[in-house]
Every structure is written in structure tokens, then in C-alpha cells.
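# Coordinate inspection notes
Residues per chain, in single letters:
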Amino acid sequence: MSTRPAAQKARERTPASGKKPRRRNPRLTDAKADAFIEHLARTGSVTVAAEQAGLGRTQIYEHRRTHKRFAAAWTKALGLGVERLHDNAITRALEGDERPIVRKGEVIGTERRIDNRLVQFLLKVHKPEFAGGAPTASASEQEAMARRLKAAARRLDAHRARQDVKKGEES
């Protein structure tokens, strides 16, 4: 049993800001899990979605690890969030950003500026051959290339073995 008064104990628990400390890991209810999934689909950010749902990142990751349906919903929601981010990037690349024109400290108008680096990045991702990158190969093309490389490696090993035998006979 403590001899300190209750008010002193409360002050010790309250941070210097005067606000009550936030509960670290609130219970993850179905409603909070649904809210997290909804925010994740809108933002594509686990951190923002967890914060909006009032949950901790560690708690969310643990729940994903132990609940298959939640993990499947997470994957789908994250895909939707990333698609939304992609759509926003394309919109920004096509329409640009409106920026103020300032002369002598006064805004005299606005102009639309296209982010050329964003355009280049999107072209490189979607059309690598157009943006100076190598064209991408399909999975079947990659498998065929891997088979050809393995066969070439076997032929090279056989050739080297024959060369070693010849050197041994000449010595």
C-alpha cells in the first residue's frame, strides 16, 4: 500500500503537457479493424490508417499476422490505396499544379506547372522502351531466357573441361 496521496500519483502519470497519456494499445474491435481497412484503401498508408482508426502500428501488424481474413482485406485495401495514389500522380502529371506568380511581393496571377520529373518517372514505369529503359519481358520470356542461360553455362563448363583435358595431355 502506497503512502502517497492520490493527487500526487495522478500528477506522476500525467505528462508535462497536462494531457492525459494516450492508451498505447486500445482493444482492436471489428469496428476499428474495419475503420483501419477503410482508411488504408483511401490513403495507401498504414501509418495514417492506423492513426485514423485509433490503433498502433505494431498492434495492426500483429493482427494481420494472426488473422488471415484481415490480412486479405489489408492486401486488397493497400492495393486500392496505391491505385488511388497512382491515379493522383497521373492527374498531377497531366494537369500540373497551380502556382502563384508573385511580383514585388504581390500575387499577380497563377500558372500551371507540369512536373517533368513525375512525367518522366511515369513514362519509365509504363513505357520503359519510350523512356530509354529496357523493355520488360513477360514471365514466360524470362523463364525461356533462364533456360537458355543454364544451357549456355553447361556448354561452357563442358568446353572448359575439354580444355583442361587437352592441357593435361600436352603436359
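Residues numbered from 1 in each chain as written. Predicted model: local features only at pLDDT ≥ 70, side-chain atom pairs only at ≥ 80, totals over all residues. Heavy atoms only, no water.

So, about the overall build of the chain. Scanning the chain from N- to C-terminus turns up 7 helices and 2 strands. Secondary structure of the chain in N-to-C order comes out as α-α-α-α-α-β-β-α-α. Within the span of the chain, comprising 171 residues, buried residues form 17% of the whole. Restricting the contact set of the chain to residue pairs at least 6 apart, pairs at least 24 apart contribute 37%. Of the roughly 14100 Å² of accessible surface on the chain, a fraction of 53% belongs to carbon and sulfur atoms. (Helix = DSSP H or I, 4+ residues; strand = E, 2+ residues; numbered from the N terminus. Buried < 20%, exposed > 50% of the residue type's maximum accessible area, 1.4 Å probe, protein only. Contact = heavy atoms within 4.5 Å. Areas by Shrake-Rupley, 256 points an atom, 1.4 Å probe, with all protein chains shown as cover.)

This brings us to the layout of surface pockets. In this model, the largest pocket occupies a volume close to 160 Å³. As for the largest pocket, its lining consists of Leu28, Asp30, Ala33, Asp34, Ile37, His63, His67, Arg69, Phe70 and Ala73. Only helix H2 (30-43) and helix H5 (68-95) provide two or more residues apiece to the lining of the largest pocket. Per-element accounting of the lining of the largest pocket gives the leading share, 4 residues, to H2. A class-by-class count of the residues in the lining of the largest pocket yields 5 nonpolar, 2 polar and 3 charged. (1 Å grid on protein atoms, 1.4 Å probe; cavity = no way out; pocket = protein on both sides within 12 Å on 5 of 7 lines; lining within 4 Å. Points joined across faces, edges and corners; volume = space filled by probe spheres on them. Nonpolar A, V, L, I, M, F, W, Y, C, P; charged D, E, K, R; others polar.)

For the rest of this paragraph, the subject is the pairing of strand E1 (residues 97-103). When E1 meets strand E2 (residues 106-113), the two strands line up antiparallel, connected through 7 bridges. Residue glutamate 98 lies in a different strand from E2, and its bridge partner there is arginine 112. Connecting E1 to the next strand, E2, in antiparallel fashion are 2 residues, including lysine 104 with a positive phi near 55 degrees. (Pairing = 2+ DSSP bridges.)

Now for the packing of aromatic side chains. Per the stated rule, a full pass over the model turns up 4 aromatic pairs. When the centroid spacing of 5.9 Å and the interplanar angle of 35 degrees are considered together, the rings of phenylalanine 36 and phenylalanine 70 count as tilted. With phenylalanine 36 in helix H2 and phenylalanine 70 in helix H5, the pair connects residues that are 34 residues apart, well separated along the chain. Take phenylalanine 36 and phenylalanine 70: they sit in the same class, and that class is buried. Measuring from ring centre to ring centre gives 5.1 Å for tyrosine 61 and tryptophan 74, while their planes differ by 55 degrees; the resulting arrangement is tilted. On the criterion of sequence distance, the pair formed by tyrosine 61 in helix H4 (residues 57-66) and tryptophan 74 in helix H5 is long-range, its members being 13 residues apart. Here tyrosine 61 falls in the partly exposed class, since its relative accessible area comes to 30%. Residue classification places tryptophan 74 among the buried residues on the basis of a relative accessible area of 2%. Every member of this aromatic cluster is reached through a ring pair, and the members are Phe36, Tyr61, Phe70 and Trp74. (Phe/Tyr/Trp six-rings, centres within 6.5 Å; stacked < 30°, edge-to-face > 60°.)

This brings us to the confidence of the model for the chain. Mean pLDDT for the chain: 82, with 80% of residues reaching 70 or above. For the chain, the element scoring lowest by mean pLDDT is helix H1 (residues 6-13), at 53; helix H3 (residues 46-53) scores highest, at 94. (pLDDT = per-residue confidence, 0-100.)

Further remarks concern H2. Given 3.6 residues to a turn, an α-helix orients residues that are three or four positions apart in the same direction. Helix length check: H2 (14 residues) gives 20 Å between terminal C-alpha atoms against 20 Å at 1.5 Å per residue, within 8%. If you check which residues of H2 are buried, you get Ala33, Phe36, Ile37, His39 and Leu40. The arc that holds the buried residues of H2, viewed along the axis, is 165 degrees, so those residues lie on one side. Summarising the geometry of H2, the exposed residues directed more than 90 degrees from the buried face are Asp30, Ala31 and Asp34. At its buried positions, H2 is contacted by H3, H4 and H5. (Expected span 1.5 Å × (residues − 1). Arc of directions from axis to C-beta.)

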